[in-house]
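Listed below are the residues making up each chain.
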Amino acid sequence: MSEHIAFVVNGAPRELEVEPRRLLVQALREDLDLTGTHVGCDTSQCGACTVHVDGRPIKSCTMLAVQADGSEIRTIEGLATGDVLHPMQNAFWEKHGLQCGFCTPGMIMTAVDLLDRNPDPTDDEIRHAIEGNFCRCTGYQNIVAAIRLAAETMRSGAAVSA
Amino acid sequence: MTTDVLGARIKRVEDPRFITGNGNYVDDIKMPSMAHMAILRSPYAHANIRSVDVAAARAMPGVVAVFVGADIPYNPLPMAWPAGGSAGIQNNVNTPRALATDSVKWTGEAVAAIVADTAAEAFDALDAIVVDYEPLPAVVDAEKAVAAGAPQLHENAPNNVVFEWSVGDKAGTDAAVDGAEVVVRQRIVNQRLIPNPMETRGDIGWYNPGTDEYTIWMSSQTPHIQRLLLAAFVMGVPEHKIRCISPDVGGAFGSKIFTYADYVLVLFASKQLGGRPVKWVESRRESYGSTIHGRDHITYLEIAGKRDGEVTGLRVKTLANLGGRLSTIGPGIPTTLYARVLSGCYKIPNVYAEVTGVYTNTTFVDAYRGAGRPEATYVIERAMDLFAAEIGMDRAEIRRRNFIAPDAFPYENPSGLGTASGGAKIYIDSGNYEPALDKALATVGYDSLAAKKAEAKARGKLLGLGLSTYIEVCGVAPSKWIGAVGEGWGAAMWESANIKMHLTGKTVVTVGTQPQGQGHETTYSQIISHELGIPMEDIVVQHSDTQGTPFGYGTYGSRTSSVGSTAAIKAAGKIREKARKMAAHMLEASVDDIEVDGANYFVKGSPDRVKTIQEIAFAIDLAFDPPEGMEPYLDETAYYDTPNCTWPFGTHIAVVEIDEETGVVELVRYVAVDDVGKKINPMIVDGQLHGGIAQGVGQALWEGAIYDDHGQLLTGSMLDYALPRASYFPNLELDETVTPSPVNPIGVKGVGEAGAIASTAAVANAVVDALSPLGIRHLDMPYTAQTVWRAIQGAKGGQA
């Protein structure tokens, strides 16, 4: 009992046969080997599994793979352009916005979405935007600093190379 | 010359893999023919197992094996650290088996395991197992568990007592407390917490039938210790036939130190399946019920002294809830790591503590960030505030009045650092507490506190300020001391490092410690770059695999920067000495005339007669022309056993505002002045403090594991357990004083736990301060809106 789905993942067309109950995060991690997207809980609380579906951040543990049929998906693996890191990736590195790294991909995907919608957020807006993503290591402070730096970098349009 | 990187804010070398999604956590690993395991866990907190029927599960699609307790031929899991240190301590030990056989003692104890072709098939089949339980009455509260008539968990532990342990001078303390001018008494609860690393635990077991060897990939802080314990105590497999690998570990906070049933199960299952790798990944719900919890103390404190503010005695009785069975070092936490540091940074002449370890029908309790020291800090810092309030003294002043003086170090405290059996002692090595206090008070504007309170009151808010002047014990530990205290720990606490400089000058450092997010690949690289004068990019730091790294005790207790780093520095020193001898040979000079400046080895007075360490490595690694008797290769290993622990200290100040109408507590400012000695990488130090503070604040304001009276974990998911979110915090204001530790060559102390140790008490004292105008002098955590609202209503004579 499986369903055929076709979607675009990080710019590449992909097709899969999936069980109807298969979660999007399972399809990404196990069928497509995109293990940068993580599973941190089972109640849609932690946000470690956040990816972009048709340009919107989605907790991919809360969406069935069949629901993603026909959509365009972007994961952490699709964020850099070749060897050039996305300014958000670079800012997390620069500002020590990660420790164990497990929440990082989801946190970065949520942060990228925030700046898509609001290029110049206040600290308060940043903190509220990432409320759906848990981090147990950093106390969030350097994550906030990283998002602020990425916002500055992206507003100035500077290209940042790896 | 390379720029010296030691002490610099260097970006982490491990980050590129994490920010691009290329981390390698256990669940990211796939192996050919890999099968998947699911574990059936008890829904009852206390029950006898009459029978387990797995026939239907065996017939389910994809199922390849089903195991129950009787199938597993191994010993129960080890308990490696009984309460010890004085004569006559009996530890009534009961540890879990890989799968329970006759009874279950908490909801979540493993009862059966299913292995299937896919994880989904393994989970599906769990429902087909039929277990006939005989439910028994449960008890989840330590105080109720030791009371007459309580349900009994274990035949060998009357009244559910694991141990009764004491430390300090009972007669002296009784005299000091009972005859004091002022005595303040308070019952305080340090509630149970769930560690919550973002990566749950998980493992892959692989038995290689060709070599009769076992390999396990595990999300562990202690791969070397796990190999030792699995081999020698549980499975009876020779140690050299087990290989433990911890790939990237997604946070741990103590919870991944220990030996867990699933390690045994995946290895056993792989062997039963003829070498098929078996993966198990813990769900978050399983993690909440089956990985260790932390804290859970009920304490009766008595603090005694004079009206002039001198504290003369501290008497403490603590019940420590250790769960339904014992975790690997459960009894060590509320004894050695708690009661022996109860007097904190204060010179209190008489201290006596009694600790009773207690079995209850709850998940086992063991080390969680700070492990004993946050509990001790909470007791003494609440006690100092209670005493100050009683005698009407300023809270900063009473701390100042009782600090151990800066010229009193090394200081042997009266709560038992020096009373381990066998005479092994440790001392508080150094400290200078007032400057940190002064700096924090100045930063927060302590002098204008009354005005701030009045301003807040006008807005309908109760403002409170809380102090926590903490010390902590890092860098565990001298082997002689830890061995003596544990009386059966039977292990040491040294660390190890190997350095190999290859022909090309590229250098591999292997270490026995095990990172979980701390950035060890960066900090060890900084140290070796500094020691050998080579660029950081020429260094790779390898860890986490018992095959290829020297034995080490792993990372916990903020020990890597002081103990592990010193081992690496020792190994670098050996490399330098060998390189000097080789340089002398190459330059046709006497070894005594060779001087070293970074990477350059030159003849004294003739800087142009020079060889770089890379040239030297090339020559000695090839060994075409070594000096007489010198072995080829720059390859040196060092082991380091520290002579003492290290003792960070500092002052944390929290400012909260409480909405009088709703009870909502908001943390509005947080100032931390920490003295962690010299810093290898200040950026990483700040990050450790931020994270530790957030966890400690989390305990004070939101977190708490709650069981109902039947032993059901009501906070069994991230929906129900209140983890801190980004919007809950103000910007944390960090500052420092620097008092180098005399214990190790770079003067570092360790910083992994300091934030969590200091911050809970600071926030608690702030909340009580805010409520003090209502006559409230103590309130147990967490300070949820409901708890605080009830307290306010109760104090006002309303309906609570």
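Residues numbered from 1 in each chain as written. Chains lettered and ligands numbered in written order. Predicted model: local features only at pLDDT ≥ 70, side-chain atom pairs only at ≥ 80, totals over all residues.

Description of the domain arrangement of chain B
Residues and elements named next belong to chain B. Selection criterion: Domain start and stop positions are those given by an automatic or database domain assignment. Working definition of a contact: two residues with C-beta atoms, positioned from the backbone, lying within 7 Å. The nonpolar class holds Ala, Val, Leu, Ile, Met, Phe, Trp, Tyr, Cys and Pro. Asp, Glu, Lys and Arg form the charged class, and all remaining residues, Gly among them, are polar.
Each assigned domain of chain B is listed with its residue range as follows: domain 1 (31–134 + 197–252 + 256–290), domain 2 (294–478 + 644–795) and domain 3 (494–640). For domain 1 and domain 2, the distance between their C-alpha centroids amounts to 35 Å. Listed by partner, the interface residues are 29 residues for domain 1 and 28 residues for domain 2. Here the residues of the side of domain 1 that touches domain 2 sort into 13 nonpolar, 12 polar and four charged.

Examining the packing of helix H15 (residues 560–587) of chain B against helix H16 (residues 613–622) of chain B
Residue and element names in this part refer to chain B. Note the threshold: Lines are fitted to the C-alpha atoms to define the axes, a helix being fitted only along its stretch in contact, and any angle between axes, read from their N-to-C directions, falls within 0 to 180 degrees. Note on conventions: DSSP H or I runs of at least 4 residues are helices, E runs of at least 2 residues are strands, and numbering of each starts at the N terminus. By definition in this entry, angles of less than 35 degrees are roughly parallel, angles greater than 145 are roughly antiparallel, angles of 65 to 115 are roughly perpendicular, and the rest are oblique.
Put simply, H15 and H16 touch, their axes get as near as 10 Å, and they point 85° apart. Classed by the angle they form, the pair H15 and H16 counts as roughly perpendicular. Only Ile613, Ile616, Ala619 and Ile620 of H16 make contact with H15, whose side of the interface consists of Ala579, Met582, Ala583 and Met586. Looking at the contact of H15 with H16, its residues break down into eight nonpolar, no polar and no charged.

Regarding the domain arrangement of chain A
All names here are of chain A. Taken domain by domain, chain A comprises domain 1 (3–78) and domain 2 (87–156). On a C-alpha basis, the centres of domain 1 and domain 2 stand 21 Å from each other. Contact residues are listed per partner, giving 14 residues for domain 1 and 11 residues for domain 2. Here the side of domain 1 that touches domain 2 gets three residues from one element, more than from any other, and that element is strand E3 (residues 50–53).

Some points on the nonpolar core
Residue and element names in this part refer to chain B. Spelled out, the test is: The term nonpolar core refers to a group of buried residues, namely Ala, Val, Leu, Ile, Met, Phe, Trp, Tyr and Cys, whose C-beta atoms join them within 7 Å. Residue burial here comes from a neighbour count, namely the number of other C-beta atoms, placed from the backbone, that lie within 10 Å of the residue's own C-beta, with 20 or more meaning buried, 12 or fewer meaning exposed, and in between meaning partly exposed.
Met37, Leu99, Ala112, Ile114 and Val763 are the most contacted members of the largest nonpolar core, which totals 307 residues. It is helix H18 (residues 754–771) that provides the largest number of residues to this core, a total of 13 residues. Ala112 has contacts with Leu40, Val52, Val54, Val66, Phe67, Val68, Leu99 and Ile129, leaving out every residue within four places of it along the chain.

Looking at the interface of chain A and chain B
The interface is formed by 41 residues belonging to chain A together with 42 residues belonging to chain B. Elements supplying a minimum of two residues to the side of chain A that touches chain B: helix H2 (87–94), helix H3 (104–117), helix H4 (123–129) and helix H5 (141–156) of chain A. Top element by residues in the side of chain A that touches chain B is H2(A). It accounts for four residues.

Regarding the pairing of strand E2 (residues 47–53) of chain B
All names here are of chain B. Selection rule: One requirement defines pairing of two strands: DSSP has to find at least two bridges between them.
Where E2 meets strand E4 (residues 103–104), two bridges bridge the pair, whose relative direction is antiparallel. Following the sheet pairing, Ala47 is matched in E4 by Val104. By the bridge criterion, six bridges tie E2 to strand E6 (residues 130–135) in an arrangement that is antiparallel. By the bridge assignment, Val52 is partnered in E6 with Val131.

A closer look at the pairing of strand E14 (residues 311–323) of chain B
All names here are of chain B. Counting buried residues in E14 gives 12 out of 13 residues, a clear majority hidden from the surface. With nine bridges joining them, strand E13 (residues 294–305) and E14 adopt antiparallel strand pairing. In the sheet register, Glu302 faces E14, and the bridge partner there is Arg315. If you look at the hairpin formed by E13 and E14, you'll find five residues sitting between the two strands, and Gly309 has a positive phi there, around 105°. Examined bridge by bridge, E14 and strand E15 (residues 350–359) share 10 bridges and lie parallel to one another. When the bridges of E15 are listed, Thr318 appears paired with Val355.

Section: the sheet that holds strand E11 (residues 242–245) of chain B
Residue and element names in this part refer to chain B. Strand order in this open sheet of seven strands is E3-E5-E1-E12-E9-E10-E11, and the pairing throughout is mixed. Edge positions in the sheet fall to strand E3 (63–68) and E11, since each has one partner strand and no second. With direction set aside, neighbouring strand axes in the sheet form an average angle of 20°. Where E3 and strand E5 (residues 110–116) come together, five bridges link them in antiparallel fashion. When the sheet's bridge partners are listed, Phe67 is paired in E5 with Ala113.

Here we look at the confidence of the model for chain B
Segments scoring low in pLDDT should not have their predicted coordinates read at a detailed level. Worth spelling out the cut-off: Across the chain, each position has a pLDDT score giving the predictor's confidence in that residue, from 0 to 100.
Mean pLDDT for chain B: 96, with 97% of residues reaching 70 or above. Overall fold confidence (pTM) sits at 0.97, and the ipTM for the predicted complex is 0.97.

Overview of the environment of B:Trp494
Residue and element names in this part refer to chain B. Looking at the element boundaries, Trp494 is found in the loop between helix H13 (479–486) and strand E17 (495–501). Along the chain, Trp494 and Ala584 lie 90 residues apart, while their C-alpha atoms are 33 Å from each other. Residues in contact with Trp494, not counting those within four places in the same chain, are Ser479, Tyr639, Tyr640 and Asp641.

Describing the sheet that holds E3(A)
Residue and element names in this part refer to chain A. Taking strand neighbours across the sheet as the criterion, the five strands line up as E2-E1-E5-E3-E4 in an open arrangement whose pairing is mixed. Edge positions in the open sheet fall to strand E2 (12–18) and strand E4 (56–59), since each of these has one partner strand only. Strand-to-strand twist in this sheet, taken as the mean axis angle between neighbours without regard to direction, amounts to 40°. Where strand E1 (residues 3–9) meets strand E5 (residues 72–74), two bridges bridge the pair, whose relative direction is parallel. For Val9, the partnering residue across the bridge sits in E5 and is Ile73.

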